[in-house]
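Analysis of the macromolecular model
Single-letter residue listing:
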Amino acid sequence: MLKRLSALPRDARDTLFLLAVIGWVILPQVSHLPLWCSALAAGVLVWRGWLAVTLRPLPGNRWLFGLLVVAIGATLATHRTLLGRDAGVTLIVVLLALKTLELRARRDAFVIFFLGFFTMLTNFFFSQSLLTAAAMLVALLGLLTALVNAHMPVGKPPLLQAARTASSMALLGAPIMAVLFMLFPRLAPLWGIPSDAMSGRSGLSASMQVGNIASLALDDSIVMRIRFEGPVPPQPDLYFRGPVLTVFDGREWRPRAQVTATGFAPRPRAPADLQVFGKAIPYEVTLEPTNRPWLFVLDAADQKPHLPGYELTMTPDLQWRTDRPLTDIVRYRATSHVDFREGPQRTTASLQDDVELPAGFNPRTVALAAAIRRDPHYAHADTAALVNLVLGRLRTGGYVYTLEPGVYGPNSADEFWFDRKQGFCEHIASAFVVLMRALDVPARIVTGYQGGERNSVDGFWVVRQSDAHAWAEVWMAGRGWVRVDPTGAVAPGRIGTLARLQAPRGFIASAIGGVSPALALDLRAMWDAMNNGWNQWVLNYTQSRQLDLLKKLGFDSPSWQDLSYVLIGIIVLASLCGTALALWQRRQHDPWLRQLECARARLRAAGLDLASSAPPRQMADAVRLRFGGAASAVADWLLRLEAQRYAPHSRTAVATLAREFKQLHWPR
């Protein structure tokens, strides 16, 4: 392949290489681009490569204009606008591909280089992962190689030579890049990549329909990484609280609204009444983008998490919310207590919302509740006894925990309790809460994440989408809201251990896992640790960490102005060092020329000014003519200097001539 490529004419070879680099730049964005855009870009690149190999002429302006009109129309039809991130990236990819059909001269190549560098940066609009960064590093070296090659117009230099030069340029620029990254002030909102507010991200939603969390359980991507400052709490205590769902319309659970459907304010709610007991658990969370305005904290956090740049509030349901969606990776510190008491201790009007059920749904579940209340043992039973009764039914009634329970109808609780008897955590929690409300017990659903696993490489606690969970809370007099996880009654391993329903693996993961399951786990832990390091030290390198760096350098109260001063100082120092290095390299460039220039300077000081183009023999003749026999040693030295450079078999080294130069008696 390389031989065939090297055998092509230079124009064809360089064009094919540039097209391959452009394809590499566009490839990571294929999943984010419209299908027509990816197909158009691929078709144009293949077409342009075929034209280069067959030495055929490029298409005329009519073709280009027609393709451009089609691309703009398709962009408008797809995105309904030509502005914004998605539409802009679509257009820049199309323009980059179409510009290759105008690649006739060096100036066209330079335009393509510029568009290529810009398109390369747009990859980070969609992903800033370590894998994306590695792919873009390869793209950067490819574009630099093509750029260097374009500045070598004579002959047919090997691409490997241009690649070496490009790599050297990148290495020389790496220290400057590192200094700018560490010290360039991050001034919000100028620093960072804007995200489209409506772009979808995986994660828990603000509502729950049967089947919603089951889809998340098939996603093995990481939600958050946690660094506990002390021992990790026991697995059954690791409940990370998310949205609390109270309103049920028969099909969907939703949080309590600020305004009801009739336009009136809902029943007044008291602020969160939270009492914590036992030892505090401090920890730090690195949360992946969710595009949701809430944080996940270990149940329960009575103090506001520390997240610079965001306003945080706690809802009466103990959920911590932010003032805007989290569209980028964030890191926050929090403190929680796993032993706590929350909610009113006596019956209040606000609890009435937590016993309401929609009329006409789940009649058999309502009838089951009525039958329980008619039983003399439970006619006046307290909430704890009713909860134990229902949990006992789940343990002994043949109920099964599965990811494939089938499609549920409108009476999902009836189907779970009496027909299917199988489901995922959301089916179980929903059916449990419906039955408790039918028993006139205030109950609600809490969604979030439960469990996780420790990464053996870096020690961080990793929570994945497959840990998404739904559980229940019931209100008990004198105790407030109490967590009850009915899934634990059906499948105890889901809560008390690291057991999980595994998502389907890909071909490579299945092959490695089949040969050595331990190796597969170790490789995944190493990759997760590498990504975590990238997140911690690169993506989450915020202004606060910059200021912490200045504190370590001796600044008492650093600010962004101090960052600017330090950066300017480093730039000035680097410039001086660069100037000194250039002067030194100039002196070291050719020792022979340096000796000749020193001799010319000595003679100039003695009054003999010779042309800069005068060779050593001409200088020796001028010395004898001007100074006579007193300067014969200088003239002989000049002749030996000439012989060192031009004689066929000279044995005199430049270093020897340099030592002799210092011992000569120069005329004055």
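Residues numbered from 1 in each chain as written. Predicted model: local features only at pLDDT ≥ 70, side-chain atom pairs only at ≥ 80, totals over all residues. Heavy atoms only, no water.

**Thoughts on helix H10 (residues 363-374)**
Here H10 spans 17 Å end to end across twelve residues, near enough to the 16 Å set by a 1.5 Å rise per residue. Among all positions of H10, only Thr365, Leu368, Ala369 and Ile372 are buried. Viewed end-on, H10 has its buried residues packed into an arc of 100°, placing them on one side of the element. Looking at the buried residues of H10, the elements they touch are helix H11 (383-396), helix H12 (412-420) and helix H13 (425-438). (Helix = DSSP H or I, 4+ residues; strand = E, 2+ residues; numbered from the N terminus. Expected span 1.5 Å × (residues − 1). Buried < 20%, exposed > 50% of the residue type's maximum accessible area, 1.4 Å probe, protein only. Arc of directions from axis to C-beta. Contact = heavy atoms within 4.5 Å.)

**A closer look at the packing of H10 against H12**
Axis separation between H10 and H12 bottoms out at 7 Å; the angle between their running directions is 70°. Between H10 and H12, the crossing angle belongs to the class labelled roughly perpendicular. Taken together, the residues of H12 that come into contact with H10 (itself represented by Pro363, Arg364, Thr365 and Leu368) are Ala413, Asp414, Glu415, Trp417, Phe418 and Asp419. Tallied by class, residues from the contact of H10 with H12 come to five nonpolar, one polar and four charged. (Axes fitted to C-alpha atoms, helices over the stretch in contact; angles between N-to-C directions. Parallel < 35°, antiparallel > 145°, perpendicular 65-115°, else oblique. Nonpolar A, V, L, I, M, F, W, Y, C, P; charged D, E, K, R; others polar.)

**Description of the sheet that holds strand S4 (residues 247-248)**
Through backbone hydrogen bonds, the strands of a sheet pair up, either in parallel or in antiparallel fashion. Read across the open sheet, the three strands follow the order S1-S5-S4; overall the sheet is antiparallel. Looking at strand neighbours, the two that pair on one side only are strand S1 (208-209) and S4, the edges of this open sheet. As paired elements, S1 and strand S5 (residues 252-254) share two bridges and run antiparallel to each other. Considered in S5, the bridge of methionine 208 is made with tryptophan 253. Against the sheet, H13 contacts S1, S4 and S5, and its axis sits at roughly 80° relative to S5. (Pairing = 2+ DSSP bridges.)

**Brief notes about the packing of aromatic side chains**
The tally for this structure, following the rule as stated, stands at 14 aromatic pairs. Connected via pairs of aromatic rings, a cluster forms that spans Tyr399, Phe416 and Trp417. The ring centre of tyrosine 310 lies 3.9 Å from the NZ or CZ of arginine 324, which sits over that ring. A cation over a ring is seen here: arginine 420 above tyrosine 408, with NZ or CZ 4.8 Å from the ring centre. (Phe/Tyr/Trp six-rings, centres within 6.5 Å; stacked < 30°, edge-to-face > 60°. Lys NZ or Arg CZ within 6 Å of the ring centre and 35° of its normal.)

**Remarks on unusual backbone geometry**
In the segment running from aspartate 299 into alanine 300, the intervening peptide bond is cis, with an omega of 5°. By secondary structure assignment, the location of alanine 300 is in the loop between strand S8 (297-298) and strand S9 (312-314). The backbone of leucine 55 shows a phi angle near 60°, a positive value even though the residue is not glycine. Residue placement: leucine 55 occurs in the loop between helix H3 (35-54) and helix H4 (61-79). Not every positive phi belongs to a glycine, and leucine 318 is a case in point at roughly 75°. Relative to the helices and strands, leucine 318 is located in the loop between S9 and strand S10 (320-322). Overall, leucine 318 belongs to the buried group, its relative accessible area being 3%.

**Some points on the side chain of arginine 437**
Secondary-structure assignment places arginine 437 in helix H13. For the buried arginine 437, which has no salt bridge, the nearest side chain bearing the opposite charge is aspartate 354, at an N-O separation of 4.0 Å. For arginine 437, the side chain forms a polar contact with the main-chain oxygen of threonine 246, separated by 2.8 Å. Those residues within four positions of arginine 437 in sequence are excluded, and the remaining contacts are Thr246, Trp253, Asp353, Asp354, Val355, Glu356, Leu357, Ala443 and Arg444. (Lys, Arg positive; Asp, Glu negative; His and termini not counted. Salt bridge = Lys/Arg side-chain N within 4 Å of Asp/Glu carboxyl O. Polar contact = N/O pair within 3.5 Å; in protein donor to acceptor, adjacent residues only side chain to side chain.)

**Quick notes on the pattern of salt bridges**
A full pass over the atoms with the stated rule returns 27 salt bridges. Arginine 85 is the salt-bridge partner of aspartate 86, the closest N and O atoms lying 3.0 Å from each other. For arginine 444, the salt bridge goes to glutamate 342, with nearest N and O atoms at 3.2 Å. One end of the pair, arginine 444, is in strand S15 (residues 443-450); the other, glutamate 342, is in strand S12 (residues 339-342), and 102 residues separate them in sequence. Glutamate 342 shares its class with arginine 444; the two are buried.

**Some details on the nonpolar core**
Ranked by size, the top nonpolar core spans 42 residues in total, and within it Leu394, Trp417, Phe432, Met436, Leu439 and Val474 carry the most contacts. No other element matches H13, which puts nine residues into this core. Counting only domains with at least three residues in this core, you end up with domain 2 (216-256 + 272-342) and domain 3 (349-447 + 470-497). Core analysis: the second largest hydrophobic core is formed by 29 residues, Leu287, Trp294, Ala301 and Val463 among them. (Core = buried A, V, L, I, M, F, W, Y, C linked by side-chain atoms within 4.5 Å. Domains from an automatic or database assignment.)

**Notes on the sheet that holds strand S16 (residues 453-454)**
Judged by pairing direction, the sheet is antiparallel, and its five strands sit side by side in the order S11-S7-S2-S17-S16 without closing on themselves. Edge strands, defined here as strands with exactly one partner in the open sheet, are strand S11 (330-336) and S16. Pairing between strand S2 (residues 222-228) and strand S7 (residues 281-287): five bridges, direction antiparallel. Each residue of the ladder has a partner; that of arginine 225, found in S7, is threonine 286.

**Concerning the packing of helix H2 (residues 10-26) against helix H7 (residues 130-150)**
H7 packs onto H2 with a crossing angle of 155° between their chain directions and a minimal axis gap of 9 Å. When the axes of H2 and H7 are compared, the pair comes out roughly antiparallel. Considering the relative orientation of H2 and H7, their crossing is left-handed. Residues Arg10, Arg13, Asp14, Phe17, Leu18, Val21, Trp24 and Val25 of H2 form the contact with H7, whose participating residues are Ala135, Met136, Val138, Ala139, Gly142, Leu143, Thr145, Ala146 and Asn149. Tallied by class, the residues present in the contact of H2 with H7 amount to eleven nonpolar, three polar and three charged. (Left-handed = near helix turned anticlockwise from the far one by under 90°.)

**Some details on the confidence of the model for the protein**
In this model, the protein carries an average pLDDT of 83, and 87% of its residues clear a pLDDT of 70 or more. Counted against residues more than four places away or in other chains, residues 189-202, with its pLDDT under 50, gives 25 contacts. Segment residues 258-265 is flagged for pLDDT under 50; beyond a separation of four residues in sequence, or across chains, it makes six contacts in the model. (pLDDT = per-residue confidence, 0-100.)

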